[in-house]
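A structural walkthrough
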Amino acid sequence: MTLQSLNFDNRFLHQLPVDPLQGIGRRQVVGACASRIKPTAVAAPKLMAHAQEVADLLNLSPQDCASPEFTQAFVGNKLLDAMDPYACCYGGHQFGNWAGQLGDGRAINLGEIINQQGQRWALQLKGAGQTPYSRSADGLAVLRSSVREFLCSEAMHHLGVPTTRALSLILTGEKVLRDMLYDGHPEYEQGAVVCRVAPSFTRFGSFQIHASRGDTKVLQQLMDYTITTDFPHLGTPSKAVYIEWFNEVVERTAQMIVEWMRVGFVHGVMNTDNMSILGLTIDYGPYGWLEPFDPNWTPNTTDAEHRRYRFGQQPQIAHWNLVQLAEALVAVIGEVEPLQAIINDYPRLYQQGWQTMIATKLGLQAYGGEQDLALFNDLHQSLQVIETDMTLFFRCLANYNFSPEQAKAASDAQLVDIISAAYYQPRTESSDQDMAAWLRRYNERLAQDTHSHSVRQQRMNQVNPLYVMRNYLAQLAIDEADQGDFDKVHELLEVMRQPYTEQIGKEEYAQKRPDWARERVGCSMLSCSS
Ligand code: AMP
Ligand code: MG
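First, a word on what this report is: a plain description of the structure on this page. Quantities reported herein were computed from a predicted structural model and do not represent experimental measurements. Note on numbering: residues in each chain are counted from 1, in written sequence order. To label them, take the chains in the order written and letter them from A, then take the ligands in the order written and number them from 1. Where totals are concerned, whole chains, interfaces and linings use all residues; where local detail is concerned, this predicted model gives features only for residues with pLDDT of at least 70, and gives and counts side-chain atom pairs only at 80 or more. Side-chain calculation: all heavy atoms of the structure are included, whereas hydrogens and water are not.

**Points about the overall build of the chain**
The test is simple: We count a stretch as a helix when DSSP gives it H or I for four or more residues in a row; a strand needs E for two or more, and each element gets its number in order from the N terminus. Type-normalised accessible area, obtained with a 1.4 Å probe on protein chains alone, sets the label of each residue: buried when under 20%, exposed when over 50%, and partly exposed for intermediate values. Contacts were defined at the residue level, with two residues in contact if any of their heavy atoms lie within 4.5 Å. Note on areas: these come from Shrake-Rupley sampling with a 1.4 Å probe, and a residue is covered only by the protein chains present in the view. In summary, the charge assignment counts Lys and Arg as positive and Asp and Glu as negative, without counting His or the chain termini. Taken as the charge centre is NZ of Lys, CZ of Arg, CG of Asp or CD of Glu, depending on the residue.
Check the secondary structure of the chain and you find 18 helices and eleven strands. Structurally, the chain occupies a C-alpha span of about 75 × 55 × 50 Å along its principal axes. Relative to its full complement of 530 residues, the chain shows a buried share of 58%. Within the chain, counting contacts between residues at least 6 apart in sequence, those at least 24 apart form 71% of the total. Approximately 20600 Å² of the chain is accessible, and the part contributed by carbon and sulfur atoms is 50%. Put simply, the chain has 44 plus and 60 minus side-chain charges, and the middle of one group is 2 Å from the middle of the other.

**Looking at the packing of aromatic side chains**
Inclusion rule: Note on ring pairs: Phe, Tyr and Trp rings are taken, using the six-membered ring of Trp, and paired if centres are within 6.5 Å. Classes follow the plane angle, with under 30 degrees stacked, over 60 edge-to-face and the rest tilted.
Throughout the structure, instances matching the rule amount to 20 aromatic pairs. For the ring pair F95 and Y309, a centre distance of 5.2 Å and an interplane angle of 40° mean the geometry is tilted. Of this pair, F95 sits in the loop between β4 (91-94) and β5 (97-101) while Y309 sits in the loop between β11 (288-289) and α9 (314-333), and the two are 214 residues apart along the sequence. Judged by relative accessible area, which is 28%, F95 ranks as partly exposed.

**Considerations on the site of ligand 1**
The criterion, for reference: Throughout, near means a residue has at least one heavy atom within 4 Å of the molecule or strand. A 3.5 Å cut-off defines polar contacts: any pair of N or O atoms within that distance qualifies, except that in protein one atom must be a possible hydrogen donor and the other a possible acceptor, and neighbouring residues in sequence count only when both atoms are side-chain atoms. Think of a 1 Å grid over the protein atoms and nothing else: a 1.4 Å probe that fits but is trapped marks a cavity, an open set flanked by protein within 12 Å on at least five of seven lines marks a pocket, and residues with an atom within 4 Å of a point count as lining. Here the criterion for a molecule occupying a pocket or cavity is that more than half of its atoms lie within 2 Å of the pocket grid points. The nonpolar class holds Ala, Val, Leu, Ile, Met, Phe, Trp, Tyr, Cys and Pro. Asp, Glu, Lys and Arg form the charged class, and all remaining residues, Gly among them, are polar. Residue ranges for the domains trace back to a domain assignment, done automatically or taken from a database.
The local shell around ligand 1 holds 17 residues, among which G103, G105, R135, G139 and N274 are the closest. Within the side chain of R135, an N or O atom sits 2.8 Å from an oxygen atom of ligand 1. One nitrogen or oxygen atom from the side chain of R178 is found 3.4 Å from a nitrogen atom belonging to ligand 1. Here ligand 1 has 480 Å² of accessible area as a free molecule, and 80% of this is covered by the chains. Of all the cavities here, the one that holds ligand 1 is the largest pocket. Among the residues forming the shell around ligand 1, the class breakdown is four nonpolar, six polar and seven charged. When residues of the shell around ligand 1 are assigned to domains, at least three map to each of domain 1 (3-201) and domain 2 (205-361).

**Points about the packing of helix α7 (residues 216-230) against helix α8 (residues 239-263)**
Note the following rule: Structural elements are reduced to axes, namely lines fitted to C-alpha atoms, with helices fitted over the stretch in contact, and the angle between N-to-C directions of any two is expressed from 0 to 180 degrees. Oblique is the label for every angle not falling under 35 degrees (roughly parallel), over 145 degrees (roughly antiparallel), or within 65 to 115 degrees (roughly perpendicular). With the far helix as reference, a near helix turned anticlockwise by less than a right angle produces a left-handed crossing, and one turned clockwise produces a right-handed crossing.
Viewed as axis vectors pointing N to C, α7 and α8 meet at an angle of 70°, and their least axial separation amounts to 11 Å. The pairing of α7 with α8 is recorded here as roughly perpendicular in orientation. At the point where α7 passes α8, the crossing takes the left-handed sense. Here Q220, M223, D224, T226, I227 and D230 of α7 lie close against α8, whose contacting residues are V241, Y242, W245 and R252. Split by residue class, the contact of α7 with α8 holds five nonpolar, two polar and three charged.

**Quick notes on the nonpolar core**
Stated formally: Put simply, buried Ala, Val, Leu, Ile, Met, Phe, Trp, Tyr and Cys residues joined by side-chain atoms within 4.5 Å make one nonpolar core.
If you look at the biggest cluster of nonpolar residues, it comprises 172 residues, and the most contacted ones within it are F74, F150, W245, W289, L362, L397 and Y442. When residues no more than four places from it in sequence are discounted, the contact partners of W289 are C152, M156, L159, V263, G264, F265, W297, V468, M469, R470 and N471.

**Observations concerning the side chain of S153**
Tracing the chain through its elements places S153 in helix α5 (residues 143-159). For S153, a relative accessible area of 0% puts it in the buried group. Contact partners of S153, with chain neighbours within four places excluded, come to T163, T164, R165, A166 and Y284.

**Some remarks on unusual backbone geometry**
Residue R135 is not a glycine yet carries a positive backbone phi of 50°. For R135, a relative accessible area of 47% translates into the label partly exposed. Despite not being glycine, R307 shows a phi value in the positive range, around 50°. Within the fold, R307 resides in the loop between β11 and α9. Exposure remark for R307: the relative accessible area of 32% places this residue in the partly exposed category.

**Some words on the pattern of salt bridges**
Pairing between side chains of opposite charge can happen when their charged atoms approach one another. Applicable threshold: Only one rule defines a salt bridge in this text: a Lys or Arg side-chain nitrogen within 4 Å of an Asp or Glu carboxyl oxygen.
Enumeration according to the criterion identifies 31 salt bridges in this entry. The closest approach of N and O atoms between E149 and R196, which form a salt bridge, is 2.9 Å. Here E149 is found in helix α5, whereas its partner R196 is found in strand β9 (residues 187-198), with 47 residues between them in sequence. In this pair, the class of E149 matches that of R196, namely buried. A salt bridge links D417 to R427; its shortest N-O distance comes to 2.8 Å. Here the residue D417 occupies a position in helix α14 (residues 412-417), and R427 occupies one in the loop between α14 and α15 (429-446), the gap between them amounting to ten residues. When its relative accessible area of 42% is taken as the criterion, D417 is described as partly exposed.

Shape descriptors only; they carry no functional weight alone.
Right, here's the structure in full:
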């Protein structure tokens, strides 16, 4: 297999209306789903890393990926013959307000391929130059945000969270001006391009834009295209199929959020243009990983005041976003009630997924109703009594092996010792009292199950990761990459391929956030500037 034999079918452009205008001229693109646009050539591209598992999805060998043609193609310098690049038109609600046309301002799709297994994969460059949707921005991306997207999307995949993938991470050899903290101190940073890979990059906002313009014809075309291409099991589009499809989008979205809550991921910018119609995690910007368990935490400095996109509110925001999508689809479906019924069922659906998920995190055989719910909610309180690392807490808890009798006889301190490695702050008598009380209740609950400790431990360690893409770890890799050393990027990519398995010699990647990272930009807070 060589690069030139990638089997592009480019169905998106062939089946959907395309903007008749060419070039990057800023414009409102009406009556079309995409605009043809070529990536901007760059001076001196250099491959930093690639993910071979993603290359495998495209049937590309390690040799293919090491070739100069690979770097040239996936930085956007030299298009393969069958590539027909384009930027998509979409709109979106940003921070709760309708923002009108947004679109791929710095994403350029190279086309869609069909691999040897018959799977469809869309290839998309992020940071490859201006498009008609760039508005006043440059269409570029910097090294730090590109490293973060590359590593995190792959880490999420291996954690079992639905996500877009990343094929390659390439330096452009050009400088990009960014005012990282928006405080009047712009600096030049290295530019980079990530090639993202997903079955489709269509967003809620891709439908909203046509609905907002009253363009039901194009809206319906996009709905039909999406159903036949990405949801073929639903059959030929009809009113009933549209409703079933919306129901599936709601289910997938709920499941994605359950997975975020399981691993402690905070997206940071859940605008409707950043919501994938396939229920994939998409657009890694100022995301973050929960270290001390705190439902109010948001990594995004732009969101610091209202915390709309804080960890604990992600389920409700997804619900709100689904309502916006439903409102867009009504124009074609013509009936509010069936959509309303599906929307109304989301809280129950999410809650059910969440309960099952927490039960598995705690090693319970099944969710056992009201009593368990109280146990879960009280744990969330106890985790906030003193700063507790979410990831390490659940790994420690898997080691907890007291019988109810032993737990009764043991001192508070003896019980809490098991999980003390997860604490960021010194324990106190009262914090021990609180956690020990919870652990004794947990004990009572475990006694109702039949699993042995070792079975429970094994099951818990399959859903509670040891390695997550901690904010400070990504930052350390970025600092080194900025100096031309990509080893840490490669190592993190490798470690995160097996996040549930203890890896000898990789202990440094399973540590609590160090003190120096507490207030450092990039480690505890991130801006949208990227
Ligand atoms: P985001 O908040 O990153 O999802 O971006 C919101 C919108 O701004 C999308 O339409 C992006 O394509 C666009 N955008 C963000 N950064 C840039 C940039 N540097 N150049 C052009 N468009 C951008
Ligand atoms: Mg976006």
